[in-house]
Amino acid sequence: MNQPISRLSQVGDWIFEVKMVRALKVKNHGDPYSAIANLTANGDQMYIDSHLSINDEDLTKEDFLTIYKFCQSMGMKNISYDRIKNGLKSSKQVEIIQNTAPQFRLVE
């Protein structure tokens, strides 16, 4: 599934635009999932609204890379998210570069 995903589709007189995505961490659709993330698209920016896992684990580098590749396939330019650690909130933004791997480091 590395082909581009269109954010816009037309059916009859209607244009459908992807604005929200629910992502499930699971090998096979329909099986119990171990994590969920909600993403919201605004123009060419994707915002990770939330991330929950069954073991209260943080989003791993591999998980973020998967979300990055999905956003890259949709033609997004940035991913942003808020993080709370030790009671302090910080906002992060990662630039998406088309056809390349991301240059980022998740701080544990």
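Residues numbered from 1 in each chain as written. Predicted model: local features only at pLDDT ≥ 70, side-chain atom pairs only at ≥ 80, totals over all residues. Heavy atoms only, no water.

**Student:** Can you lay out helix H1 (residues 61-73) for me, pointing to particular residues and giving the numbers?
**Tutor:** Counted at 1.5 Å a residue, the expected span for H1 with its 13 residues is 18 Å, and the 18 Å between its end C-alpha atoms agrees. Burial in H1 covers these residues: Asp-63, Phe-64, Ile-67, Tyr-68, Cys-71, Gln-72 and Ser-73. Where the residues of H1 are buried, they touch strand E3 (20-25), strand E4 (35-42), strand E5 (45-53), strand E6 (78-85) and strand E7 (88-95). Positive phi appears at Gly-75, one or two residues downstream of H1, with a value of about 80 degrees. (Helix = DSSP H or I, 4+ residues; strand = E, 2+ residues; numbered from the N terminus. Expected span 1.5 Å × (residues − 1). Buried < 20%, exposed > 50% of the residue type's maximum accessible area, 1.4 Å probe, protein only. Contact = heavy atoms within 4.5 Å.)

**Student:** Lay out the pattern of salt bridges with the relevant residues and their values.
**Tutor:** Throughout the structure, instances matching the rule amount to two salt bridges. Across the salt bridge formed by Asp-63 and Lys-25, the nearest N and O atoms sit 2.9 Å from each other. Here Asp-63 is found in helix H1, whereas its partner Lys-25 is found in strand E3, with 38 residues between them in sequence. The buried category is assigned to Asp-63, whose relative accessible area is 15%. Since its relative accessible area comes to 39%, Lys-25 is described here as partly exposed. With a closest N to O distance of 3.7 Å, Asp-82 and Lys-89 form a salt bridge. What makes Lys-89 exposed here is its relative accessible area of 59%. (Salt bridge = Lys/Arg side-chain N within 4 Å of Asp/Glu carboxyl O.)

**Student:** Report on the nonpolar core, specifying residues and quantitative values.
**Tutor:** With 16 residues, the main nonpolar core has Met-46, Ile-48, Ile-67, Cys-71, Met-76 and Ile-79 as its most contacted residues. In terms of residue count, the dominant contributor to this core is H1 (four residues). Beyond its immediate sequence surroundings of up to four residues, Ile-67 is in contact with Ala-37, Leu-39, Ile-48, Leu-59 and Ile-79. (Core = buried A, V, L, I, M, F, W, Y, C linked by side-chain atoms within 4.5 Å.)

**Student:** Give me the environment of Ser-73: which residues, what numbers.
**Tutor:** Within the fold, Ser-73 resides in helix H1. For Ser-73, a relative accessible area of 17% corresponds to the buried category. A sequence separation of 66 residues divides Ser-73 from Arg-7, and the C-alpha atoms of the two residues are 9.8 Å apart. A distance of 2.6 Å separates a polar side-chain atom of Ser-73 from the backbone oxygen of Phe-70. (Polar contact = N/O pair within 3.5 Å; in protein donor to acceptor, adjacent residues only side chain to side chain.)

**Student:** Quick one: what's the story with the side chain of Gln-45, residue by residue and with numbers?
**Tutor:** Relative to the helices and strands, Gln-45 is located in strand E5. There is a polar contact of 2.7 Å between the side chain of Gln-45 and the side chain of Ser-80. Dropping the residues within four chain positions of it, Gln-45 is found in contact with Thr-40, Met-76, Asn-78, Ile-79, Ser-80 and Gln-93.

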